[in-house]
Amino acid sequence: NAGVTQTPKFRILKIGQSMTLQCAQDMNHNYMYWYRQDPGMGLKLIYYSVGAGITDKGEVPNGYNVSRSTTEDFPLRLELAAPSQTSVYFCASTDRITTYQPQHFGDGTRLSIL
Amino acid sequence: KQEVTQIPAALSVPEGENLVLNCSFTDSAIYNLQWFRQDPGKGLTSLLLIQSSQREQTSGRLNASLDKSSGRSTLYIAASQPGDSATYLCAVRGETSGSRLTFGEGTQLTVNP
């Protein structure tokens, strides 16, 4: 049972570099989400997708981009990395938006910008 | 804008104690409320999900209650064990937010043997 898989688990970037955080789910879920979690804080939504080809901004989208070309994959791109983007990034998915469906989370990518 | 607050931020208890974690939210127009557990270096695991029409949900030693009108939920853990040590997060899904969740900042629980 793979569930939601995120790669890499850890990464250190220099200011101004770019990278893509990968997220894949094997549950055929339509809805996928990217969150960031800063130390001692809750999760804040960056971007989300309700299906292949459809994405929308969350609460903190600045400095990030996403794409959703397949149901399974939802990569998050950081352009021109900044120290403020140092955080733990979580990807999640859910099947439907019926009220009793929980979101399934990956183990996170820990990103440091130096 | 929905805001979710969790009290206390941290809690340390001896093994065997019953305990209550609190979650409050500012907008009572919600579809559901979820309680998650987060272990260090790991993602979130959904523990309980309460629909807006429900008053409580139970799973083993866990019981979550919801008072939608007052914007409050509690997570009750009976006979706590060291393995319960983790951060507990609550999140609400608002009626106008589609499938998006708004999270609290979490309560870090330590159960001492």
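Cut-offs used in this document
- Starting afresh in each chain, residues are numbered from 1 along the sequence in its written order.
- Numbering of ligands from 1 and lettering of chains from A proceed in the order in which they are written.
- The predicted origin of the model limits local features to residues at a pLDDT of at least 70 and limits the giving and counting of side-chain atom pairs to 80 or more, whereas totals for whole chains, interfaces and linings rest on all residues.
- Here the side-chain values reflect all heavy atoms present in the structure, with hydrogen atoms and water set aside.
- Between any two strands, at least two bridges found by DSSP are needed for them to pair.
- Under the DSSP-based scheme used, a helix requires at least four consecutive residues in state H or I and a strand at least two consecutive residues in state E, with every element numbered from the N terminus.
- Lines fitted to the C-alpha atoms define the axes, with helices restricted to the stretch that makes contact. Angles between their N-to-C directions range from 0 to 180 degrees.
- Under the pairing criterion, centres of Phe, Tyr and Trp rings, with the six-membered ring standing for Trp, must be within 6.5 Å; the plane angle then separates stacked pairs below 30 degrees from edge-to-face pairs above 60, leaving the rest tilted.
- Accessibility here uses a 1.4 Å probe with only protein chains present; expressed as a share of the type maximum, an area under 20% marks a residue as buried, one over 50% as exposed, and anything in between as partly exposed.
- Sitting over a ring, as applied to charges here, requires NZ of Lys or CZ of Arg to be within 6 Å of the ring centre and within 35 degrees of the ring normal.
- Note on disulfides: each one is a pair of cysteine sulfur atoms within 2.5 Å.
- Joining through side-chain atoms within 4.5 Å is the link that ties buried Ala, Val, Leu, Ile, Met, Phe, Trp, Tyr and Cys residues into a set, and such a set is a nonpolar core.
- By definition in these notes, contact holds between two residues if any of their heavy atoms fall within 4.5 Å.

A.B. asks: Before we move on, can you summarise the sheet that holds strand β7 (residues 62-67) of chain B with the specific residues and values?
C.D. replies: Residues and elements named next belong to chain B. Across the sheet, which stays open at both edges, the five strands sit in the order β1-β3-β8-β7-β6 with antiparallel pairing between neighbours. Only two strands of the sheet have a single neighbouring strand rather than two, namely β1 (4-7) and β6 (56-59). When the angles between neighbouring strand axes are averaged without regard to direction, this sheet yields 15°.

A.B. asks: Describe the packing of aromatic side chains, naming the residues involved and giving the relevant values.
C.D. replies: Taken as a whole and assessed by the stated rule, the structure comprises eight aromatic pairs over all chains. Between Y33(A) and Y48(A), the aromatic rings sit 6.5 Å apart at their centres with planes inclined by 20°, giving stacked as the arrangement. Placement of Y33(A) in strand β4 (residues 31-37) and of Y48(A) in strand β5 (residues 43-51) is noted, with a sequence separation of 15 residues between them. Classification of Y48(A) by relative accessible area gives buried; the value is 11%. One aromatic cluster is present, built from ring pairs that chain together Y33(A), Y35(A), Y48(A), F105(A), F36(B) and F103(B). When the ring centre of F74(A) is taken as reference, the NZ or CZ atom of R68(A) above it lies at 5.9 Å.

A.B. asks: Could you give me a rundown of unusual backbone geometry, with the residues and numbers involved?
C.D. replies: The residue after T7(A), namely P8(A), is reached through a cis peptide bond having omega -5°. If you trace the backbone, P8(A) turns up in the loop between β1 (4-7) and β2 (10-13). Looking along the chain, the bond that leaves I7(B) and enters P8(B) is cis, with omega of 0°. Notably, N28(A) is not glycine yet its phi reads approximately 60°, a positive angle.

A.B. asks: Lay out the state of the cysteines with the relevant residues and their values.
C.D. replies: Scanning all chains against the criterion turns up two disulfides over all chains. The disulfide partner of C23(A) is C91(A), and the gap between their sulfur atoms is 1.9 Å. Every disulfide takes its handedness from the sign of the S-S torsion; for C23(A) and C91(A) that torsion is -70°, giving left-handed. Placement of C23(A) in strand β3 (residues 19-25) and of C91(A) in strand β9 (residues 87-94) is noted, with a sequence separation of 68 residues between them. By relative accessible area, C91(A) is classed as buried at 0%. Two residues, C23(B) and C90(B), share a disulfide whose sulfurs are 2.0 Å apart. On the S-S bond that ties C23(B) to C90(B), the torsion sits near 75°, and the link is right-handed. You can see C23(B) sitting in strand β3 (residues 19-25) and its partner C90(B) sitting in strand β9 (residues 86-94), a full 67 residues away along the chain. Given the relative accessible area of 0%, C90(B) is considered buried.

A.B. asks: Can you lay out the sheet that holds β1(A) for me, pointing to particular residues and giving the numbers?
C.D. replies: Residues and elements named next belong to chain A. Taken in spatial order, the four strands make up an open sheet running β1-β3-β8-β7, and their pairing is antiparallel. For this open sheet the edge positions go to β1 and β7 (64-66), each flanked by a neighbour on one side alone. Taken over all neighbouring pairs, the strand axes of this sheet differ in orientation by 20° on average, direction set aside. As judged from the three bridges shared by β7 and strand β8 (residues 76-78), these two strands associate in the antiparallel manner. What sits directly across from Y64, in β8, is L78.

A.B. asks: Describe the nonpolar core, listing the residues and the values that go with them.
C.D. replies: The nonpolar side chains of soluble globular proteins are, as a tendency, buried together. The biggest cluster of nonpolar side chains holds 22 residues, and the ones touching the most others in it are F25(B), L33(B), W35(B), L75(B), I77(B), Y88(B) and L109(B). Among the secondary structure elements, those contributing two or more residues to this core are β3, β4 (30-38), β5 (44-51), β7, β8 (72-77), β9 and β11 (107-112) of chain B. Excluding residues within four positions of it along the chain, I77(B) makes contact with E17(B), N18(B), L19(B), R61(B), L62(B), D84(B), Y88(B) and L109(B). Within the second largest apolar cluster, 19 residues are counted, among which are V4(A), Y47(A), Y64(A) and C91(A).

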